[in-house]
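Summary of structural features
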Amino acid sequence: MRLIHKNKSKTHSTQSNIFYFIKLLFKISPLLVIGEAMWGVLLKLPTRLVAVIGVKYVADIVTNNGDLSKIGAAIAGIAAILLISEIICWLFREFYWNIAREKANAGLSTIFYEKAKSLDLESYDDPYFYNNFIVAIESSTGNLNNILSMIREYMGELISLITICTVILALDPVCLLIILAIVVIFTPISRKIGALQSERRIENNRLHRKSDYFARVFYLQDYAKEVRINNIRPLLIKRYGESADDVIENQRKYVGKIDLIYFFQETGVQVLGFMFILPLYLGYCVIQSKTLSAGDFVATFNGAYSVATSFSFLTVAIARNFSEQAKMIEKFREFLSRTNNIKDGGHTAECGEPETIEFKNVSFTYPGNEKPTLKNINITLRPYEKIALVGYNGAGKTTLTNLLLRLYDTTKGEILIGGKNIKDETLESHRARFAAVFQDFQIFAATLGENVSLSTNVDKKEAEKALKNSGFTKKLPDGINTVLLREFDDNGIMLSGGESQKVAVSRAFYKKCPYIIMDEPSANLDPIAEYNLNKSMINAAKNKTVIFISHRLSTTRHADRIYVMENGEIVESGTHEQLMAMNGKYAYMFKLQAKKYTTQAAE
């Protein structure tokens with residue numbers, strides 16, 4: 001069943017999304033946004049003014065038999081203006097823009113990462129939201145660059161349009177009306193072109209994602225073994241070819257139509273407007289009525305092209321370029337506005353000695369599911385106890401510990417620590433009380449010590465002690481300062497699955513907290529390493545409450561109490577000896593595993 005998107009926000013307009021993103025950028029780096037706008041003005045306006053006012057000045061001197069030395073002065077002045085504009089743009093680009101852009105990108109990414117860090121796991125379970133979340137994160141840099149570019153282009157064209165219109169208005173208001181009328185008449189065609197371009201790009205992006213997937217499979221390490229061992233290569237190549245054909249077909253679908261409409265628009269504006277109507281009027285004003293000079297004729301004609309170019313950009317860009325960016329920004333807004341169901345409490349929990357943990361009538365149903373994963377769980381964990389949760393896959397063991405960590409909140413019932421509901425504690429202080437080693441632990445591209453401490457501040461002695469307790473004995477060239485993985489360092493050390501798991505387990509020994517959760521801590525370890533780990537864990541965690549989750553029942557036999565879970569319920573509980581005497585579910589599973597090991601030993 002699909003999840004219900006409770007937090008899906010309403011769709012915003014293109015303009016609203018663009019201004020939202022610009023406002024976000026302005027908050028991060030106001031000088032960058034202002035600088036982009038000024039850069040755009042300096043790139044566009046001087047050349048447009050030269051084409052209108054500068055050419056008019058020169059033409060008037062020539063036609064009026066004026067002092068030709070003034071032409072040289074005018075050219076020198078024009079060259080100086082253009083050179084100064086270019087120098088200012090160059091200085092901004094080389095000494096500020098590149099650095100400021102990277103800082104803005106880092107600031108934008110920080111906002112996204114902070115939000116991602118605060119999200120409930122429920123958000124990750126929602127495929128619609130998670131897909132948009134990934135798209136928003138991965139495209140943030142590209143959208144930053146595109147929006148900055150559009151700010152530059154848009155402001156340059158807008159200021160140029162206003163300035164040139166003002167000049168033409170001063171020369172001849174009727175001429176300006178003719179120019180604007182021609183542009184406005186053909187604006188719907190520009191919007192149609194923009195809409196088709198936007199549709200084409202959206203469809204292309206969808207099709208490219210499909211072809212990119214099949215291309216990635218060939219070079220991603222995660223797929224390397226499957227691709228080489230199995231005969232899936234022909235299938236992947238076939239699917240990639242089909243996806244590429246779909247992209248080509250989509251281009252055929254739109255390009256001919258867009259080119260035809262664009263040709264009609266350009267022909268209408270240039271031939272009908274600027275090669276027939278406007279020249280007739282200007283010719284009449286210069287020759288017949290003599291209300292315009294030859295310089296005015298050239299200035300107005302050049303200005304007309306400038307106005308048409310700016311107006312076309314400002315109308316088509318919104319429909320074409322802005323609309324595509326706005327769709328991505330919509331995903332940003334939805335991501336950043338996502339509300340959490342797990343709320344902070346008002347009390348700060350103490351990270352001292354272990355206290356009693358109580359599960360009272362706890363039930364839980366994952367969002368979108370109809371059947372509950374946990375049903376009416378009642379458990380009391382006393383301080384310093386070593387508790388084991390066992391059962392088949394899907395029994396609800398990991399879900400129970402996720403509720404204890406408040407990665408999810410209970411659907412019904414409550415969880416108390418020291419008599420206080422964990423929902424009343426702040427999330428940070430509550431989770432600080434726990435060290436957890438998960439089944440799907442991760443090793444990070446950092447030093448061994450940082451992987452143990454999960455911090456830049458590493459206590460060398462404590463890290464080495466934690467590694468020793470976990471059974472990690474591999475000799476590394478730089479000890480705990482050795483860099484793991486080769487993401488950023490070609491000399492990074494790659495650990496085996498068992499070694500990586502020991503590093504993950506060492507985190508629980510390193511962290512100073514009263515409670516430890518071990519979710520399959522020995523899954524990648526051989527039986528001897530597993531025995532040594534269990535022995536070390538019992539010794540190192542004497543002053544802590546420990547919860548084990550394991551399929552290997554040899555791991556749990558020395559626990560103070562064992563809870564057997566099935567279909568989200570506690571079906572048995574007791575010590576290993578008590579449960580074996582009951583000859584129920586636990587005894588059956590234990591004997592089955594013991595038989596397997598004895599059979600393998602006999603063979």
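Below is a short write-up of the structure. Computed from a predicted structure; not experimentally measured.

Rules used in this analysis
Residues numbered from 1 in each chain as written. Predicted model: local features only at pLDDT ≥ 70, side-chain atom pairs only at ≥ 80, totals over all residues. Heavy atoms only, no water. Helix = DSSP H or I, 4+ residues; strand = E, 2+ residues; numbered from the N terminus. Buried < 20%, exposed > 50% of the residue type's maximum accessible area, 1.4 Å probe, protein only. Contact = heavy atoms within 4.5 Å. Areas by Shrake-Rupley, 256 points an atom, 1.4 Å probe, with all protein chains shown as cover. Arc of directions from axis to C-beta. Polar contact = N/O pair within 3.5 Å; in protein donor to acceptor, adjacent residues only side chain to side chain. Core = buried A, V, L, I, M, F, W, Y, C linked by side-chain atoms within 4.5 Å. Axes fitted to C-alpha atoms, helices over the stretch in contact; angles between N-to-C directions. Parallel < 35°, antiparallel > 145°, perpendicular 65-115°, else oblique. Nonpolar A, V, L, I, M, F, W, Y, C, P; charged D, E, K, R; others polar. Pairing = 2+ DSSP bridges. Phe/Tyr/Trp six-rings, centres within 6.5 Å; stacked < 30°, edge-to-face > 60°. Lys NZ or Arg CZ within 6 Å of the ring centre and 35° of its normal.

Now for the overall build of the protein. The helix and strand tally for the protein stands at 19 helices and 10 strands. Across the 603 residues of the protein, 44% fall into the buried class. Once local pairs closer than 6 in sequence are excluded, the contacts in the protein between residues at least 24 apart make up 76%. If you sum the accessible surface of the protein, you get close to 32200 Å²; carbon and sulfur atoms cover 58% of it.

Our focus in this paragraph is helix α14 (residues 460-470). Those residues of α14 that fall on the buried side of the exposure criterion are Ala463, Ala466, Leu467 and Ser470. What you see down the axis of α14 is that its buried residues fit within an arc of 100°, all on one side. Summarising the geometry of α14, the exposed residues directed more than 90 degrees from the buried face are Lys461, Lys465 and Lys468. Backbone nitrogen of Lys461 and a side-chain oxygen of the N-cap are separated by 3.3 Å at the start of α14; the cap is Asp459.

Quick look at the environment of Ser554 now. Inspection of the secondary structure puts Ser554 in helix α17 (residues 553-556). Note on Ser554: relative accessible area 34%, which makes it partly exposed. Distance from Ser554 to Glu530, taken between C-alpha atoms, is 9.0 Å for residues 24 residues apart in sequence. With sequence-adjacent residues up to four places away left out, Ser554 is seen in contact with Glu530 and Asn534.

The nonpolar side chains of soluble globular proteins are, as a tendency, buried together. By size, the foremost hydrophobic cluster in this structure holds 39 residues, and its most contacted members are Leu448, Val503, Met518 and Tyr586. At 6 residues, helix α15 (residues 497-510) tops the list of elements feeding residues into this core. Look past the residues within four positions of Val503 in its chain and what remains in contact with it is Ile443, Leu448, Asn451, Val452, Leu467, Phe472 and Leu495. Leu24, Ala104, Leu108 and Ile147 belong to the second largest nonpolar core, which has 30 residues in total.

For the rest of this paragraph, the subject is the packing of helix α2 (residues 30-63) against helix α3 (residues 69-118). Pairs of packed helices are described in terms of their axes, by the angle between the two and the distance that separates them. The interhelical angle for the contact between α2 and α3, taken along N-to-C directions, is 170°, at an axis separation of 9 Å. As summarised for this structure, α2 and α3 are arranged roughly antiparallel, according to the angle between their axes. Split into classes, the residues belonging to the contact of α2 with α3 amount to 23 nonpolar, 4 polar and 4 charged.

Moving on, we get to the side chain of Arg406. Along the polypeptide, Arg406 turns up in the loop between α11 (397-404) and β4 (412-417). Arg406 gets classed as buried once you look at its relative accessible area, which sits at 1%. Setting aside residues no more than four positions away along its own chain, Arg406 makes contact with Ile342, Lys343, Ile422, Lys423, Glu425, Leu427, His430 and Arg431.

Glancing now at the sheet that holds β4. The strands making up a sheet are joined through hydrogen bonds of the backbone, oriented either antiparallel or parallel. Read from one edge to the other, the open sheet built from 4 strands follows the order β2-β1-β4-β5, with strand pairing classed as antiparallel. The open sheet has two edge strands with one neighbour each: β2 (374-381) and β5 (420-421). Strand direction decides the pairing type here: β4 and β5, joined by 2 bridges, are antiparallel. Residue Leu416 lies in a different strand from β5, and its bridge partner there is Asn421.

Moving on: the packing of aromatic side chains. Using the criterion set out here, one finds 12 aromatic pairs in the structure. Between Phe112 and Phe335, the aromatic rings sit 5.9 Å apart at their centres with planes inclined by 55°, giving tilted as the arrangement. Of this pair, Phe112 sits in helix α3 while Phe335 sits in helix α10 (residues 294-336); the two residues are 223 residues apart in sequence, bridging distant segments of the chain. Between the aromatic rings of Tyr586 and Phe590, the centroid separation amounts to 6.1 Å while the plane-to-plane angle is 25°, which identifies the pairing as stacked. Linking Tyr586 with Phe590, this pair stays in helix α19 (residues 585-602), spanning 4 residues, or about one helical turn. Since its relative accessible area comes to 0%, Tyr586 is described here as buried. For Phe590, a relative accessible area of 15% corresponds to the buried category. Taken together, the ring pairs connect Phe21, Phe112, Phe332 and Phe335 into an aromatic cluster. Over the ring of Trp39 we find Arg152, and its NZ or CZ is 4.2 Å from the ring centre.

Let us look at the sheet that holds strand β9 (residues 561-566). Here we have 6 strands laid out as an open sheet, ordered β6-β7-β8-β3-β9-β10, and mixed in their pairing. The open sheet terminates on both sides in strands that have one partner only, identified here as β6 (434-437) and β10 (569-574). Between one strand axis and the next, the sheet turns by 15° as a mean value, whatever way the strands run. Packed on one face of the sheet, α11 meets β3 (386-390), β6, β7 (515-519), β8 (545-549) and β9 and runs near 150° to β8.

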